[in-house]
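In case you want the letters, here they are:
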Amino acid sequence: MIELDDVLVTAWSPDPAGGEDVVVRLLGPVSLRLTERRIAVVGANGSGKSTLARLLNGLVLPSRGTVRVDGLDTARDGAAVRRGVGFVFTDPDAQIVMPTPVEDVALSLRRLDLTADERTAAARAALARFGLTGRADVPVHALSGGQRQLLALASVLATEPHVLVCDEPTTLLDLRWRRVVDDLLDGLEQQVVVVTHDLDAALRADRVLVVDDGTVVADGDPADAVATYRRLMGVSV
Amino acid sequence: MSGPQRPPWSGPLGLFHPGTSPVHRCPAPLKLLALAALGLALALLHGPVSALVGLALVLVVHVVARVPWRRTLRGARGVLVVALLVGLYQWWASTWQAAVEVSVDLLALVLAATLVTTTTRADALLDVLARAAGPLRHVGLRPETFALACGLVLRTIPVLVRSSLETRDAARARGLERDPRAVLVPAAVRMVAHARATGDALAARGLGE
């Protein structure tokens, strides 16, 4: 279970008037208990939804309040939290650091107590699960954008986290790859929190959070929350 | 017509060519030891004959490894130019024997090193590096982190090259190809952004903690 208790995230920002740097609010105050299996977070660009996602595995620490994942505080037990909470970025190129898919997945497995052969075997098994067996040994630059995002997912899920947070995982993908990634995420056993602009995907979630100007302005049933978001954006159906 | 486009260079750790040759099957530490021994031998033995024997040895191993020449030469073509220039300088400043020795030694060593990276997975090289860095544990540095940092440095080289080429193209598209600021500033900004994104990605994967 993920708990956010009176969380506020602030940051220093240059003063537009040219004075001293000022503190700006990026998110909060927000208190949430996330227990559903599929949670979608929607909101405009710069609304604070990525900050919310990054809070969940300690990539961003709250300026006030606490974030707990299964009782572990992201500020005090960051490393332990990250072992249990996988994170997938929008741009897979930011996440893939090794020259071939099998080596990139094996890199994730280095923190487990496995021999090199066991790591490679586990990496190949993870790639097979994502339909990348035939691409395991090719240079990563030879993969399509969709295949790279699948590789990023495989690299994160190889260590079997119990929560997966995805920050706009399909934004850079075409319709076909978007469907492939969405179907994969839908089929995962883990609790999945997805930041997305894809309202169809949001409607399939168990719960939707709408973030606007650093505040969670709607939270609950997907149809109601998405309707609120459409109204906020001035978009009619 | 410019022919098929080449894939972007993947850097020193991106040259791996999968295979089942005896060279591929040879353990990574042994290959690195052999590379060190070759370097030592070429440094201690003087004259063009030893240099040519060293190069011939490397070429034989290359044939045994069944690695495509194009792939090897792609990683070593810059060194070919340097070896040629160094050879010409040595010929002018010293003797033709010195020119052959220096340029062929350099070529043999770079080809041997390239052979190691084309027949060894980056993952295996990181393992060797982590084991070799074991003593760093005594000064509070984790060998795995050290190996990962070294691997990232090597992986960042092609990213730097690609980023510079993209910013140069962007500057050209805006008609600013003669303004170095239009290339250097965005390239630097992009590299900092890349470094931060890589750091975030590693942290998110629980690596280097």
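Treat the numbers as computed from the prediction; the structure is a model and nothing was measured.

### Some words on the overall build of chain B
Check the secondary structure of chain B and you find 8 helices and 0 strands. The linear arrangement of helices and strands in chain B, starting from the amino end, is α-α-α-α-α-α-α-α. On the principal axes, the C-alpha backbone points of chain B span a range of 50 × 50 × 35 Å. Of all 209 residues assigned to chain B, the portion counted as buried reaches 37%. Summarising the internal contacts of chain B: among those between residues at least 6 apart in sequence, 71% fall at separations of at least 24. About 12,200 Å² of surface is accessible on chain B, with carbon and sulfur atoms providing 70% of the total. Each charge class in chain B can be summarised by its mean position, and for the 22 positive and 11 negative side chains these summaries are 6 Å apart.

### Details of the pairing of strand β1 (residues 2-13) of chain A
Residues and elements named next belong to chain A. By the bridge criterion, 9 bridges tie β1 to strand β2 (residues 22-34) in an arrangement that is antiparallel. Looking across to β2, one finds that L4 is bridged to L32. With 5 bridges connecting them, β1 and strand β4 (residues 64-69) associate as antiparallel partners. When the sheet's bridge partners are listed, L8 is paired in β4 with R64.

### Focus: the domain arrangement of chain B
Where interface size is given, it is often the accessible area lost as the parts come together that is meant. In terms of domain boundaries, chain B breaks down into domain 1 (8-120) and domain 2 (121-209). Relative placement of domain 1 of chain B and domain 2 of chain B: their C-alpha centres are 26 Å apart.

### Focus: a nonpolar patch on the surface
Residue and element names in this part refer to chain B. Taken together, the side chains of L59, V63, W69, L73, L80, V81, L84, L85, L88, W91 and W96 define a hydrophobic patch exposed on the protein surface, amounting to about 1,100 Å² of accessible area. Those elements giving two or more residues to the nonpolar patch turn out to be α3 (48-65) and α4 (69-93). Residue contributions to the nonpolar patch peak at 8 residues, all from α4. Along the chain, the position of W96 falls in helix α5 (residues 96-119).

### Notes on the interface of chain B and chain A
Between chain B and chain A, the residue contacts involve 26 residues of the former and 30 residues of the latter. When residues of chain B are sorted by the area they lose upon contact with chain A, B:R121, B:D123 and B:R205 head the list and together hold 28% of the total. In this structure, the salt-bridge partner of B:D123 is A:R119, at a minimum N-O distance of 3.7 Å. Elements that contribute at least two residues to the side of chain B that touches chain A include exactly α6 (122-132), α7 (143-173) and α8 (180-204) of chain B. When residues in the side of chain B that touches chain A are grouped by element, the largest group, 7 residues, is from α8(B).

### Looking at unusual backbone geometry
The phi torsion of most residues other than glycine is negative, and most of the peptide bonds are trans. Even without glycine at this site, A:D70 takes up a positive phi of about 50°. Look at B:R66: it is not a glycine, yet its phi comes out positive at around 55°. Looking at the secondary structure, you find B:R66 in the loop between α3 and α4. Taking the relative accessible area as the measure of exposure, B:R66 reaches 55% and is therefore exposed.

### Overview of the packing of aromatic side chains
Following the criterion strictly, the structure yields 2 aromatic pairs over all chains and no others. An angle of 55° between the planes, with centres 4.9 Å apart, marks the rings of A:F87 and A:F89 as tilted. Assessed through its relative accessible area of 1%, A:F87 is described here as buried. Centroid distance B:Y89 to B:W92: 5.9 Å. Interplanar angle 50°. Geometry classified as tilted. Of this pair, B:Y89 and B:W92 both sit in helix α4, 3 residues apart, which is roughly one turn of the helix.

Analysis parameters
- Residues numbered from 1 in each chain as written.
- Chains lettered and ligands numbered in written order.
- Predicted model: local features only at pLDDT ≥ 70, side-chain atom pairs only at ≥ 80, totals over all residues.
- Heavy atoms only, no water.
- Helix = DSSP H or I, 4+ residues; strand = E, 2+ residues; numbered from the N terminus.
- Buried < 20%, exposed > 50% of the residue type's maximum accessible area, 1.4 Å probe, protein only.
- Contact = heavy atoms within 4.5 Å.
- Areas by Shrake-Rupley, 256 points an atom, 1.4 Å probe, with all protein chains shown as cover.
- Lys, Arg positive; Asp, Glu negative; His and termini not counted.
- Charge placed at Lys NZ, Arg CZ, Asp CG, Glu CD.
- Pairing = 2+ DSSP bridges.
- Domains from an automatic or database assignment.
- Patch = residues over 30% accessible without salt bridge, like charges linked within 9 Å, V, L, I, M, F, W, Y side chains within 5 Å.
- Salt bridge = Lys/Arg side-chain N within 4 Å of Asp/Glu carboxyl O.
- Buried area = accessible area lost by both parts, 1.4 Å probe.
- Phe/Tyr/Trp six-rings, centres within 6.5 Å; stacked < 30°, edge-to-face > 60°.

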